[in-house]
Amino acid sequence: MIPILRLQHVTQRFGGVVALDDVSFDVLPGQITGLIGPNGSGKTTAFAVVSGFLRPTEGRVFFEGRDITGVQPHEMTRLGIARTFQTPQLFTSLTVRETLEVAASAAGNEKGFEGALRTASDIGLGSKLEHLPGELTTADTRLLEIVKVFATGARLVLLDEVFAGLSSTEIDRTAQVIRRYASEKSFVVIEHRMRAVMALCEYIHVLVYGRLAASGEPQEITSNPEVIAAYLGAEELAHA
Ligand SMILES: Nc1ncnc2c1ncn2[C@@H]1O[C@H](COP(=O)(O)OP(=O)(O)OP(=O)(O)O)[C@@H](O)[C@H]1O
Ligand SMILES: [Mg+2]
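Labelled according to an unreviewed UniProt entry, the protein chain appears under the name ABC transporter ATP-binding protein, originating from Ramlibacter lithotrophicus.

Novice: I'd like to hear about the overall build of the protein chain, residue by residue, with values.
Specialist: When helices and strands are tallied, the protein chain shows 10 helices and 10 strands. A compact globule built from 240 residues should have a C-alpha radius of gyration of about 18 Å, and the protein chain, at 17 Å, falls within 12% of that. Out of the 240 residues belonging to the protein chain, those deemed buried represent 52%. When contacts within the protein chain are restricted to residue pairs at least 6 apart in sequence, those whose partners lie at least 24 apart make up 67%. For the protein chain, the accessible surface area stands at approximately 10800 Å², while carbon and sulfur atoms represent 50% of it. The positive charge centre, built from 22 side chains, and the negative charge centre, built from 28, are 3 Å apart in the protein chain.

Novice: Quick rundown of the coordination of the magnesium ion (ligand 2)? Include the residues and the values.
Specialist: Around the magnesium ion (ligand 2), the protein contributes the donor atoms Thr44 (OG1) and Gln86 (OE1), which lie 2.0 to 2.3 Å from the metal centre. Taken together, the residues span a long stretch of sequence, with threonine 44 in helix α1 (residues 43–50) and glutamine 86 in the loop between β6 (81–83) and α3 (96–106) at a distance of 42 residues. Owing to a relative accessible area of 36%, glutamine 86 belongs among the partly exposed residues under this scheme.

Novice: Account for the site of ligand 1, with residues named and values stated.
Specialist: Near ligand 1 you find 14 residues, and of these Gly40, Lys43, Thr44, Thr45 and Gln86 are the closest. Here an oxygen atom of ligand 1 and a backbone polar atom of serine 41 are 3.1 Å apart. A distance of 2.8 Å separates an oxygen atom of ligand 1 from a polar side-chain atom of glutamine 86. With three residues, the single largest contributor to the shell around ligand 1 is α1.

Novice: Could you give an account of the sheet that holds β6, with specific residues and numbers?
Specialist: A sheet is described by the order of its strands in space; here six strands give the open sequence β6-β7-β8-β3-β9-β10, paired in mixed fashion. For this open sheet the edge positions go to β6 and β10 (211–216), each flanked by a neighbour on one side alone. Across the sheet, the mean angle separating the axes of adjacent strands is 15° when strand polarity is ignored. Bridge count between β6 and strand β7 (residues 156–160): three bridges; the pairing is parallel. Its bridge partner being in β7, isoleucine 81 is matched across the sheet by leucine 156. Along the sheet face, α1 touches β3 (32–36), β6, β7, β8 (186–190) and β9 (203–208) and points at about 150° away from the line of β7. Across the face of the sheet, helix α5 (residues 138–151) comes into contact with β6, β7 and β8 while running at roughly 165° to β7.

Novice: So, the packing of aromatic side chains: which residues are in play, and what are the values?
Specialist: This structure, assessed with the given rule, holds three aromatic pairs. The interplanar angle of 90° and the centroid separation of 5.4 Å between the aromatic rings of phenylalanine 53 and phenylalanine 85 together place this pair among those described as edge-to-face. Taken together, the residues phenylalanine 53 in the loop between α1 and β4 (58–63) and phenylalanine 85 in the loop between β6 and α3 connect sequence positions 32 residues apart. Between phenylalanine 150 and tyrosine 181, the aromatic rings sit 4.2 Å apart at their centres with planes inclined by 25°, giving stacked as the arrangement. Of the two residues, phenylalanine 150 is situated in helix α5 and tyrosine 181 in helix α6 (residues 168–181); the sequence distance between them amounts to 31 residues.

Novice: How would you summarise the nonpolar core if you had to cite specific residues and measurements?
Specialist: Leu100, Phe163 and Phe187 are the most contacted members of the largest nonpolar core, which has 51 residues in total. With eight residues, the top contributor of residues to this core is α5. If we skip the residues at most four places from it in the chain, phenylalanine 187 touches Gln31, Ile32, Thr33, Phe150, Val157, Leu159, Ile178, Tyr181 and Ala182. If you look at the next biggest cluster of nonpolar residues, it comprises 25 residues, including Leu7, Val61, Phe63 and Val71.

Novice: I'd love a proper account of α1, names of residues and values included.
Specialist: Counting buried positions over the eight residues of α1 gives seven, a clear majority of the element. Listing the buried residues of α1 in full gives Lys43, Thr45, Ala46, Phe47, Ala48, Val49 and Val50. Glycine 52 occupies a position one or two residues after α1 and carries a positive phi of about 90°.

Cut-off values and rules
- Residues numbered from 1 in each chain as written.
- Chains lettered and ligands numbered in written order.
- Predicted model: local features only at pLDDT ≥ 70, side-chain atom pairs only at ≥ 80, totals over all residues.
- Heavy atoms only, no water.
- Helix = DSSP H or I, 4+ residues; strand = E, 2+ residues; numbered from the N terminus.
- Rg over C-alpha atoms; globule rule 2.2 N^0.38 Å.
- Buried < 20%, exposed > 50% of the residue type's maximum accessible area, 1.4 Å probe, protein only.
- Contact = heavy atoms within 4.5 Å.
- Areas by Shrake-Rupley, 256 points an atom, 1.4 Å probe, with all protein chains shown as cover.
- Lys, Arg positive; Asp, Glu negative; His and termini not counted.
- Charge placed at Lys NZ, Arg CZ, Asp CG, Glu CD.
- Donors = N, O, S within 2.8 Å, 3.2 Å for Na, K, Ca; no water.
- Near = heavy atom within 4 Å.
- Polar contact = N/O pair within 3.5 Å; in protein donor to acceptor, adjacent residues only side chain to side chain.
- Pairing = 2+ DSSP bridges.
- Axes fitted to C-alpha atoms, helices over the stretch in contact; angles between N-to-C directions.
- Phe/Tyr/Trp six-rings, centres within 6.5 Å; stacked < 30°, edge-to-face > 60°.
- Core = buried A, V, L, I, M, F, W, Y, C linked by side-chain atoms within 4.5 Å.

Given below as C-alpha cells:
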C-alpha cells in the first residue's frame, strides 16, 4: 500500500534550534494517525513542512508517492492537503458561510461547499452560518477551522490541537465527524489530551525533542517505556 504521506529524513532547523531531527515516518491512507509529543517537540513544525509553509532544511516529503518537498501552501491545498492552525486563522470580515465558500473555491473544489454546509450543521454550526468569527465562541471557532479544511476537499487533513478549548461533549461530537470522514480521508491529529488521542487514533507517532521516539498502535505507545519516561507520565497513562 502506498502511504498517503511519507516523511523521509526530514530535518528542520531554525538557526541553532533543531525543530525536526532526521524524522522519517509514513501515514497510511484511510487511517486516523496521532502525532504526539511534549511542548516544543516539533509537531506543528512537521505540519508546516507537510503543508508547504516551511521548506525542510533536509529531507523529502511524499504525498501519495509523489515528491512534494517545497511545494507552496496554496498548491498543496489544490493537491489535496489541508491543515488547521493551532491558533485559528480566519478572515475576520467573512461569515461562517463565506469562509466555507472561499475555502472550497480557493482549493478548486466548488462542489465541496454544499457538503461543508451540511457538516457545519452536523457539528452544531448550522444556526451560525451568518456569524462573523468575532461572534463565535472558542469552541465554534475550532469547529469552523475543521469544516473549513473539509470544504477544501482535502484527502490528507492535518488537525493541530483542534480539541483545545472544547467541552467533552464537543470533543465527542467532533471526533464522531472525524471518524465519519475517515473512510474517505486520512487524518493526522496533533493532540495533547491522551484520552482523546487513544480513543480516536489507530496509529501514533511520538516526537521528543524533534526526534521520532516511537511509532505504534495506541496500546504499544502507552506501554512504551521511552514514551512514558519522555512524555506521558504514569498518571496520565492511568487515565488514558
Ligand atoms: N518559525 C520558527 N522560528 C524559530 N523557531 C521555531 C519556529 N517554529 C518553531 N520553532 C521552534 O521549534 C521547536 C518546535 O516547535 P513546534 O511549534 O513545532 O513544537 P510543538 O510540538 O508543536 O509544540 P506545542 O505542543 O507547544 O505546540 C520549538 O523549540 C520552537 O520554539
Ligand atoms: Mg504545536
